[in-house]
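Residues per chain, in single letters:
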Amino acid sequence: MKMSDIIADMILDMFDDDNTSVQIQRNDLANRIGCVPSQINYVITSRFTPEAGYRIESRRGGGGYIMITRAETKDSALMALVNSIGDSIDERSAKANVYNLNYQKLIDDKSARLMMAAVMDSNFRGLDKEAANIIRAKQLKQMLLSYVG
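Residues numbered from 1 in each chain as written. Predicted model: local features only at pLDDT ≥ 70, side-chain atom pairs only at ≥ 80, totals over all residues. Heavy atoms only, no water.

Hey, could you run me through the environment of Arg-60 in this one?
Structurally, Arg-60 can be placed in the loop between β2 (54-59) and β3 (65-70). Along the chain, Arg-60 and Gln-25 lie 35 residues apart, while their C-alpha atoms are 10.0 Å from each other. (Helix = DSSP H or I, 4+ residues; strand = E, 2+ residues; numbered from the N terminus.)

Following this line, the structure appears as C-alpha cells:
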C-alpha cells in the first residue's frame, strides 16, 4: 500500500457517524505514521478536496492544526463537484475527480469504471481539444447528477 493511501485511510478512520470534522496536527500525524509532514499536506490537498466533499481549514503556529470537515451527505458532495467542474474539463482532471469519488465511496466501482470510460480522450477523436473538454464536462455533470437523489 502506498504511503498516500495509508495517510488517507488513517484520516478517514478518524471520521465516524457522529463527527463530520476531524482536527489533526500535521507533525503529530507524520510522527505516528513515520513520514514527513509534507506528505500529510499532499494527501490533504489531493484527496480531501471540495470536489470530494471536504472543506479544509488550517491554523499555523505552535498549536496549529488542520480541520477537515466532510460534507454532510453524499448528495451535497456530488453537487459540490458538479458545481466546481465549470464549462470545461480535461481527461486527467475528470478521471482524478471520478477516482476521488470512488475512493471516498461516493460512487461504486462499476459506476466509476463507466465514468472513466466515458471521459476518455479517445471518445472525442476528430473534435478540437476545447470542444472535447466542453462536451466532457457536460457528460460528467450529467452522470454525477444521475447519482444524486
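Alright, that's what it looks like, and here's the rest.
How should helix α1 (residues 3-14) be read in this particular structure?
What sets the pattern is the α-helix's 3.6 residues per turn: residues three or four places apart point alike. In a regular helix each residue adds 1.5 Å, so twelve residues correspond to 16 Å; α1 covers 17 Å between its end C-alpha atoms and thus fits that length. If you check which residues of α1 are buried, you get Ser-4, Asp-5, Ile-7, Ala-8 and Ile-11. Around the axis of α1, the buried residues are gathered within 165° of arc, so they sit on the same side. Buried residues belonging to α1 abut β1 (21-24), α2 (26-33), α3 (37-47), β3 and α5 (91-103). (Expected span 1.5 Å × (residues − 1). Buried < 20%, exposed > 50% of the residue type's maximum accessible area, 1.4 Å probe, protein only. Arc of directions from axis to C-beta. Contact = heavy atoms within 4.5 Å.)

For this particular structure, what's the right way to read the packing of aromatic side chains?
Two measures describe an aromatic ring pair: the distance that separates the ring centres and the angle between the ring planes. If you walk through the whole model with that rule in mind, you get three aromatic pairs. Residues Phe-15 and Tyr-54 carry aromatic rings whose centres are separated by 5.9 Å and whose planes lie at 50° to one another, so their mutual orientation is tilted. Of this pair, Phe-15 sits in the loop between α1 and β1 while Tyr-54 sits in strand β2, and the two are 39 residues apart along the sequence. We classify Phe-15 as buried; its relative accessible area is 6%. Residue classification places Tyr-54 among the buried positions, given a relative accessible area of 7%. An aromatic cluster is built from Phe-15, Phe-48 and Tyr-54, whose rings are joined through pairwise contacts. Sitting over the ring of Tyr-103, Arg-47 keeps its end group 4.8 Å from the ring centre. (Phe/Tyr/Trp six-rings, centres within 6.5 Å; stacked < 30°, edge-to-face > 60°. Lys NZ or Arg CZ within 6 Å of the ring centre and 35° of its normal.)

Mind showing me how you'd approach the sheet that holds β3 here?
Backbone-to-backbone hydrogen bonds join strands into a sheet, with any given pair of strands oriented parallel or antiparallel. Spatial strand order, β1-β3-β2: three strands in an open sheet with antiparallel pairing. Of all the strands in the sheet, the pair left with one neighbour each is β1 and β2. Adjacent strand axes in the sheet meet at a mean angle of 15°, parallel and antiparallel pairs treated alike. One ladder, built from four bridges, connects β1 with β3; its direction is antiparallel. Bridge pairing links Val-22 to Ile-68 in β3. Across the sheet, α3 touches β1, β2 and β3, and the angle it forms with β3 is around 25°. (Pairing = 2+ DSSP bridges. Axes fitted to C-alpha atoms, helices over the stretch in contact; angles between N-to-C directions.)

For this particular structure, what's the right way to read the pattern of salt bridges?
A side chain of one charge can pair with a side chain of the opposite charge if their charged atoms are brought near each other. Tallied over the full model, the rule gives four salt bridges. Residue Asp-5 pairs with Arg-47 through a salt bridge whose shortest N-O separation is 2.8 Å. Of this pair, Asp-5 sits in helix α1 while Arg-47 is found in helix α3, placing the two residues 42 residues apart along the sequence. The shortest N-O distance in the salt bridge between Lys-95 and Glu-91 comes to 3.2 Å. Within this pair, Lys-95 and its partner Glu-91 are both found in helix α5, separated by four residues, close to a single helical turn. On the basis of relative accessible area, Lys-95 is assigned to the partly exposed category, the value being 26%. (Salt bridge = Lys/Arg side-chain N within 4 Å of Asp/Glu carboxyl O.)

Looking at this model, I keep getting lost on the environment of Met-14. Mind explaining?
Relative to the helices and strands, Met-14 is located in helix α1. Among the residues examined, Met-14 registers a relative accessible area of 24% and is labelled partly exposed. Along the primary structure Met-14 and Ser-58 are separated by 44 residues, whereas in three dimensions their C-alpha atoms are 17 Å apart. Among residues more than four places away in sequence, those in contact with Met-14 are Val-22, Ile-24, Leu-29 and Arg-32.

Shape descriptors only; they carry no functional weight alone.
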